[in-house]
Amino acid sequence: MTCTEFLALLDDLIDDSISPETRAELQQHLHKCGHCEVVFNTTRKTIEIYRSHEIYDLPPSLRDRLHAAIMARCKKGC
Amino acid sequence: MTTIQPIASELEPHPDVALVARVRGGDVSAYDTLVRKYERQIFRIAQHITQNREDAEDVMQDAFLKAYEKLEQFQGNSKFYTWLVRIAVNESLMRLRKRRTGKMVSIDEDIETEEGSVPRDLADWAPDPEQNYNQAELAEILRKTIQGLPQGFRVVFVLRDVEGLSTEETAETLGLSVPAVKSRLLRARLQLRERLSRYFRKKTGPRDMGVEK
């Protein structure tokens, strides 16, 4: 397997949407290729970091205000 | 014996179905529950697309009001959340258009770039790279980095990886084909990875980069 072929299947590997056979082939490539190992690990980490950190927080006071405004309009029939 | 929680079966109705039915029957408090459940996600999506806090607040309000008004049109063949996200994405794009005084804005903007399709920065990251920054610094890095992505990649990444929509739901929401979503997702992930490497790479000499193994 070449690095280009590995890269084409990177998302499927990360999302775990591949057959066990393909997974084994990809893992075999990872053992031999430091480049792809770094790309795989750091891409996975990228997703994990974005998933676990709230970067646009809605403060409770603003949330309550917006919520109240939405519900007041809905009760009036919008 | 340990029991494994079954994944909600296709036959089991999503809890939103009952809430939507109650709203249709005139129970506004059921809508209150739906708003509470999704307001943070909708705000985040709007903020990611408009990149403006005021606009995101307006989009969030407008999206929930529009969804309430149009609830009769909701077919129920997609999830309520996916349907709501579609409304929020459209409202966000409309808001951007207004800001840019009528200039067409689409999710296809700026995607003709080859950047990120081939990884260049191959330095490994520190084991827990985010721990080198405090919460505010990290949030700023993550914001700046994702804001630099082309719109069409950013929206796909946010819906698919941050908000947890499936590839099919993301495609449906954005009016894209599944292969288009897949290709954008890969490029979005690789571009973000490349840009974050600037902050998260291991502080080592060049010979420790592990290029050859």
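Basis of the calculations
Along every chain, residues carry numbers that run from 1 in the direction the sequence is written. Chain letters and ligand numbers both follow the written order, the letters beginning at A and the numbers at 1. Since the coordinates come from a predicted model, pLDDT governs what is reported: local features require at least 70, and pairs of side-chain atoms require 80 or more to be given and counted, while whole-chain, interface and lining totals use all residues. Secondary structure counts use DSSP, requiring at least four H or I residues in a row for a helix and at least two E residues in a row for a strand, with both numbered from the N terminus. Computation of the radius of gyration draws on C-alpha atoms alone. For the globule rule, the value is 2.2 Å times the number of residues to the power 0.38. Exposed residues have 12 or fewer other C-beta atoms within 10 Å of their own C-beta, buried residues have 20 or more, and residues in between are partly exposed; the C-beta atoms are placed from the backbone. Contact between two residues is assigned when their C-beta atoms, built from the backbone, lie within 7 Å. Each residue receives one of three labels: charged for Asp, Glu, Lys and Arg, nonpolar for Ala, Val, Leu, Ile, Met, Phe, Trp, Tyr, Cys and Pro, and polar for the others, Gly being one of them. Helix span, expected: 1.5 Å multiplied by one less than the number of residues in the helix. Where each domain starts and ends comes from a domain assignment, either automatic or drawn from a database. As a rule, the C-alpha atoms of each element are fitted with a line to give its axis, helices using only the stretch in contact, and angles between N-to-C directions run from 0 to 180 degrees. An angle counts as roughly parallel when it lies under 35 degrees, as roughly antiparallel when it exceeds 145, as roughly perpendicular when it falls between 65 and 115, and as oblique in every other case. In a left-handed crossing the near helix is turned counterclockwise from the far helix by less than a right angle, and in a right-handed crossing that turn is clockwise.

1. A closer look at the overall build of chain A
Move 1: Per the secondary structure count, chain A includes 5 helices and 0 strands.
Move 2: Ordered by position from N to C terminus, the α and β elements of chain A give α-α-α-α-α.
Move 3: The globule rule puts the C-alpha radius of gyration for 78 residues at 12 Å, and the 22 Å found for chain A is more than 25% above it.
Move 4: Each principal axis of the C-alpha atoms in chain A carries an extent, and together these give about 65 × 25 × 20 Å.
Move 5: Expressed as a percentage of its 78 residues, the buried residues of chain A come to 15%.

2. A word on the interface of chain A and chain B
Often, the extent of an interface is quoted as the loss of accessible area upon association of its parts.
Move 1: Counting residues at the interface gives 28 residues for chain A, matched by 41 residues for chain B.
Move 2: At the level of secondary structure, the elements contributing two or more residues to the side of chain A that touches chain B comprise helix H2 (10-14), helix H4 (34-52) and helix H5 (60-75) of chain A.
Move 3: Counting residues per element, the side of chain A that touches chain B draws most heavily on H4 of chain A, which supplies 12 residues.
Move 4: When the residues that make up the side of chain A that touches chain B are grouped by side-chain class, the tally is 15 nonpolar, 7 polar and 6 charged.

3. As for H4 of chain A
Move 1: Along its 19 residues, H4 of chain A runs 27 Å from first to last C-alpha, staying within 8% of the 27 Å computed at 1.5 Å per residue.
Move 2: Of the residues making up H4 of chain A, those classed as buried are Cys-36, Val-38, Val-39, Phe-40, Thr-42, Thr-43, Thr-46 and Ile-47 of chain A.
Move 3: The secondary structure elements touched by the buried residues of H4 of chain A are helix H1 (3-8), H2 and helix H3 (20-32) of chain A together with helix H6 (151-162) and helix H8 (178-200) of chain B.

4. Focus on the domain arrangement of chain B
Residue and element names in this part refer to chain B.
Move 1: Parsing chain B into structural domains produces domain 1 (15-99) and domain 2 (129-208).
Move 2: Each partner contributes residues to the interface: domain 1 has 10 residues there, and domain 2 has 11 residues.
Move 3: For the side of domain 1 that touches domain 2, the elements supplying multiple residues, two or more each, are helix H2 (28-50) and helix H4 (80-99).
Move 4: Within the side of domain 1 that touches domain 2, the residues separate by chemical class into 4 nonpolar, 5 polar and 1 charged.

5. Observations concerning the packing of H5 of chain A against helix H3 (residues 53-69) of chain B
Move 1: At a minimum axis distance of 10 Å, the contact between H5 of chain A and H3 of chain B shows a crossing angle of 30 degrees. Considering the angle they form, H5 of chain A stands roughly parallel to H3 of chain B. Like other packed secondary-structure pairs, H5 of chain A and H3 of chain B cross with a definite hand, here right-handed. For the pair H5 of chain A and H3 of chain B, contact is made by Leu-66, Ala-69, Ile-70, Arg-73 and Cys-74 of chain A and by Glu-57, Met-60, Gln-61, Phe-64, Leu-65 and Tyr-68 of chain B, respectively.
Move 2: Of the residues that constitute the contact of H5 of chain A with H3 of chain B, the class distribution is 8 nonpolar, 1 polar and 2 charged.

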